[in-house]
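# Notes for the structure review
Given next are the chains, with one letter for each unit.
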Amino acid sequence: MENSHKEAKVRLEVSQYIKSLSTSQDVQEVTDTLRKLVSYLDTESHEEISPSEREEFNRTQYTGILKFLLSNLKTNRLHILTSAQCSELWDGMFLRGPPDQALLVLMDYIVSSSPSAGLDKVVGVLERYLQSGRLAALLWSRCQGSFSPDSPQLRETLLGRLVSLPDLTANRLHPHNRPLFLPDQYYPLLARVLSTTLERTCQALRDKQDCSLSFVAQLLGKACMQGHSEHMFKELVPRLSTHTRSDMVWQRVCWRLMEDVPERWMESVVTGLVQAVEGPWALSRIMGNIVVKNKKAQFVITHKLLLLQYKYETRAVRSLVGYLAQDRERRPLLVQVLRSLCQTWANSSAVRHTPVEQQLYLSRALLLCLGLLSESELQELRPELLQCMLGGMQCHLDSSVVRVRRAGMIVGECLSARLDAGGPRLKFQYEEDEEARELLSMMEPLPAEGAVPHDRPSPLQNNQRSETKERSSPEVITPQTSSLPPADQDCDSELDSDDDLTPYDMSEDKEMTKATPPLYLRDCLEALLTSEDPEKVELSLRAAAGLVRKNVSTAREVSVQLTKVLLHLENKYNLPGFLSQRQAAMIALTDMVTEFLTTEFYSLNYSLRQRLDILEVLALSAQELSEPITEKNRPTQGNQPVSTVMPLDPSDAPLHWQKVVERRIQSKTRRFAKGVAQPPASACPNRFAPVAGFFFFPLLRSYDRPQVTFDLLGSDHLVLGRLIHTLGLLMHLAVNAPVATQMGRSLLDFVWAVRYHADQVVRRGVLFAICSVFLSMPNPNLLSELSDHLLETRAWLADVAERDPDSDCRSLAMQCLVMLEKSLKAGLEHPTMALQP
């Protein structure tokens, strides 16, 4: 009965105040009324208002008063108040009451109003609201144990207004938005307010007061879910890491905060925290054993972040794996993660169908887990690790991508060394670049917390080291310093000085050799075929290309035999430049044995390396034939000798004196260049165009016929990718040739059958070949000859550009689409271009 009496009394007084504000034009009356309303919000007011009446006012009347004040903005009643009175009384109504109700009313007005002076006034109040610490009051009011529960709809609305404030204000105020409402300033402010609330919570727990972190956890989860985790954790993580280092209450508060995050937002919070935290120790102190208690967090940490997504830095992966290894309850999950990584890493389908970046990411995670295993866990996982090493290495070494093969070698070496520490170590030969060194560093133990990594020394340590080096380093010793007395030194220097002797020029000297280079091509062939002398073989290999180009008639007679010898020649003596010299000799022979090479490519008794050599030689020979012929010994104008001055002949016609002087000046002047140094290049025929078909079409003859040692469409996908790339290069070199149209149609028919190949090298070759077709075929012929393929090709290229796992394939597909659009546009704009002379 007493509560209803107080409720009626407060409602009656408030209705009188509203009536007074609605009708009065007296400044004193308006200010007095506003002061009485403010007194309900001010606990230190001199007005005789009981706490129960204040509570009743805040619960039932406060929101209505705020809406009434905002509705009177349109009647322009604020002009009767001074700026100081308006700031103290009118603004004070929004800055002293329940912060959640004030925020909702202000945001509702901003969202539903059009640009006006009233909107500017409300925006200014909202800015003061954020600057005066009302957000901290709002969060703390929701954390106190005495807070009465509200409806889920009201809580969701309040969370939405808090998290979406920058978006809502930007939509209404753009382009005159306030800097404080921008994401770069608002979300760090929200994170600092959240940290302050956690600090007050810790203090309340020490004072044995009950607190709830449910609303704060929901606020953090919703902000991270909307993509603002970077701004939030950039402010939160350093504070939480510092406070939890030595305070157990802070650790318990952080653990409770993580446990109260709703499951639908747990992934965003965990992902943002893992990326922002420095080291597994800080992550363990902040997250606690959430990975054991929450199934969604466990799935995200042990499966999604380590097996499915691969965009995170190595630092984040190291923090994740180290976090699992920090606690006894979490170590079974480390073993579980390692088992999953081994199964995925050794899966041949995953190696073929996943991007290189993801495979390297899995390799780093696998090595990190392997380095943190204890001896008992290692013995438990020994069968799985052996199976992973054998099967996974085979899958990776069979790959045609160098980075994948090298990752397989490094992981195989580390697995072998970890499984059999005392036995012989497995060692591969590979190039050690930054990527390889990073993989090898995954096996190193985790540095202690606070230690500076070896690759990032602190500036203070650098300065100290330089100062110590300067202090401890002795003075520079001159070359004349020795243990002899000064007089003896002078004597010896005068007697033995060689300063006056001029050194002999030995730059043109040649090393004396027992063998002499062959002068005839048949002698060169015999030496390569039968000689066991390394020096003689080296000299013959060096001279082979020159002898072939010099003795064309003899070269035609022995061309096939010499090509066979060069194809099967091995570097038994480890000769320097062996591969380049052997390749140069085969290129010199190619125009004579083109038919032989293209036929032998599909023959038996050739290794994959020899077939790749054939393709490489054909491509380089075609490139050499397509280059224009230049006169190498043609002197340029700058190199011409200076003419001497000749006397005038009396029989010649008299010249003007200015011309005579100009001639003499020209004859006395030496010019290194005048105008264009070289004359413009003259047009010359493409030597590759007449023979392009002999290079191209035989390579398409037997690609679908598997042999005992060679299955082009089966396991030998590396040769298939190189073959398609070579055909694309031949197509490009045959530009404007009469046979280019036929070549393009045949090439498209060939690559269309393997466009969905599992190996990314083959798919790259297919896309390169299609690019070559679009570049080399004339636009009218492209439309007339390939019109039935273009629409399907365009749709396939769009699908590859969007969904292919390999980034290079996506990039090539985009380039193909651009070239196809240009070709189609040019062909439609100039349909008779090919008929013009």
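Residues numbered from 1 in each chain as written. Predicted model: local features only at pLDDT ≥ 70, side-chain atom pairs only at ≥ 80, totals over all residues. Heavy atoms only, no water.

An unreviewed UniProt entry lists the protein under the name Telomere length regulation protein TEL2 homolog, with Anguilla anguilla given as the organism.

Here we take up the overall build of the protein. For the protein, the helix and strand inventory stands at 40 helices and zero strands. Residues counted as buried form 44% of the 837 residues belonging to the protein. Contacts in the protein between residues at least 24 apart in sequence constitute 74% of all its contacts with a sequence separation of at least 6. For the protein, the accessible surface area stands at approximately 46,700 Å², while carbon and sulfur atoms represent 52% of it. (Helix = DSSP H or I, 4+ residues; strand = E, 2+ residues; numbered from the N terminus. Buried < 20%, exposed > 50% of the residue type's maximum accessible area, 1.4 Å probe, protein only. Contact = heavy atoms within 4.5 Å. Areas by Shrake-Rupley, 256 points an atom, 1.4 Å probe, with all protein chains shown as cover.)

Attention now moves to the pattern of salt bridges. One pass over the structure, following the stated rule, counts 35 salt bridges. Across the pair Asp-100 and Arg-142 runs a salt bridge whose closest N-O atoms are separated by 3.0 Å. A residue pair is termed long-range when its members are at least 10 positions apart, and Asp-100 in helix H5 (residues 99-112) and Arg-142 in helix H7 (residues 134-143) qualify at 42 residues. The burial state of Asp-100 is the same as that of Arg-142; both residues are buried. Arg-331 is the partner of Glu-377 in a salt bridge, and the nearest nitrogen-oxygen pair spans 2.7 Å. In this pair, Glu-377 is assigned in helix H22 (residues 375-380) and Arg-331 in helix H19 (residues 331-345), connecting sequence segments 46 residues apart. When its relative accessible area of 10% is taken as the criterion, Glu-377 is described as buried. (Salt bridge = Lys/Arg side-chain N within 4 Å of Asp/Glu carboxyl O.)

Right, let's talk about the packing of helix H18 (residues 314-326) against H19 for a bit. Between two packed helices, what matters for the description is the angle formed by their axes and the separation of those axes. Taken N-terminus to C-terminus, the directions of H18 and H19 make an angle of 135 degrees; their axes are 6 Å apart at the nearest point. Comparing the axis directions of H18 and H19 gives the class oblique. Packed against H18, whose contacting residues are Val-321, Leu-324 and Ala-325, the element H19 presents Arg-331, Leu-333, Leu-334 and Val-337 at the interface. When its residues are assigned to classes, the contact of H18 with H19 shows six nonpolar, no polar and one charged. (Axes fitted to C-alpha atoms, helices over the stretch in contact; angles between N-to-C directions. Parallel < 35°, antiparallel > 145°, perpendicular 65-115°, else oblique. Nonpolar A, V, L, I, M, F, W, Y, C, P; charged D, E, K, R; others polar.)

Right, let's talk about unusual backbone geometry for a bit. Generally, phi is negative for residues other than glycine and the peptide bonds are trans, each holding for most cases. Each neighbour pair has its own omega, and for His-174 with Pro-175 the value is 5 degrees, a cis peptide bond. Considering the arrangement of structural elements, one finds Pro-175 in the loop between helix H9 (165-173) and helix H10 (183-206). The residue Asn-574 is not glycine, and still its phi comes out positive at about 55 degrees. Mapped onto the secondary structure, Asn-574 falls in the loop between helix H30 (552-568) and helix H31 (578-600). For Asn-605, which is not glycine, the phi dihedral falls at a positive 65 degrees. Examined against the element boundaries, Asn-605 turns out to sit in the loop between H31 and helix H32 (608-626).

Now for the packing of helix H17 (residues 295-308) against helix H21 (residues 356-371). For the pair H17 and H21, the least separation of the axes is 8 Å and the interaxial angle reads 130 degrees. If you check the angle between H17 and H21, you find them oblique. Every residue of H21 that contacts H17 at Leu-305, Leu-306, Leu-307 and Leu-308 is listed here: Gln-358, Tyr-361, Leu-362 and Ala-365.

Moving on: the packing of aromatic side chains. Enumeration according to the criterion identifies 11 aromatic pairs in this entry. Ring centres of Phe-696 and Phe-697 lie 5.2 Å apart, and the angle between their planes is 85 degrees; on these two criteria the pair is classed as edge-to-face. Its relative accessible area of 0% is what places Phe-696 among the buried residues. Here the aromatic cluster, defined as three or more aromatic residues joined through ring pairs, consists of Tyr-40, Phe-57 and Tyr-62. We note Arg-142 situated over the ring of Phe-215; from NZ or CZ to the ring centre the distance is 5.3 Å. (Phe/Tyr/Trp six-rings, centres within 6.5 Å; stacked < 30°, edge-to-face > 60°. Lys NZ or Arg CZ within 6 Å of the ring centre and 35° of its normal.)

Moving on, we get to the side chain of Ser-20. The residue Ser-20 is located in helix H1 (residues 2-23) in this model. Its relative accessible area of 13% is what places Ser-20 among the buried residues. Among the polar contacts listed, one links the side chain of Ser-20 to the side chain of Thr-33, at a separation of 3.4 Å. (Polar contact = N/O pair within 3.5 Å; in protein donor to acceptor, adjacent residues only side chain to side chain.)

What follows is about helix H24 (residues 402-419). Compared with an ideal rise of 1.5 Å per residue, which puts 18 residues at 26 Å, H24 spans 26 Å between its outermost C-alpha atoms and is within 8% of the ideal. Buried residues dominate H24, accounting for 14 of its 18 residues. (Expected span 1.5 Å × (residues − 1).)

Structurally, the position occupied by Val-735 is in the loop between helix H35 (717-733) and helix H36 (740-752). As for Val-735 and Asn-686, which are separated by 49 residues in sequence, their C-alpha atoms are 9.5 Å apart. For Val-735, the contacting residues outside a window of four places in its chain are Leu-775 and Ser-776.

Here the focus is the environment of Arg-142. Classification of Arg-142 by relative accessible area gives buried; the value is 4%. Between the C-alpha atom of Arg-142 and that of Thr-197, which follows or precedes it by 55 residues, the distance is 9.9 Å.

Topologically, Asp-716 is positioned in the loop between helix H34 (692-696) and H35. No salt bridge forms around the buried Asp-716; measuring N to O, its nearest opposite-charge neighbour Arg-611 is 6.4 Å away. Setting aside chain neighbours within four positions, we find Asp-716 in contact with Leu-608, Thr-709, Phe-710 and Asp-711. (Lys, Arg positive; Asp, Glu negative; His and termini not counted.)

Attention shifts here to the confidence of the model for the protein. In this model, the protein carries a mean pLDDT of 83, and residues with pLDDT of at least 70 account for 82%. Here residues 452-496 is a poorly scored stretch, pLDDT under 50, and it has eight contacts once near neighbours within four places are set aside; other chains count. Within the model, the stretch residues 632-653 combines pLDDT values under 50 with 13 contacts to residues more than four positions away or in other chains. (pLDDT = per-residue confidence, 0-100.)

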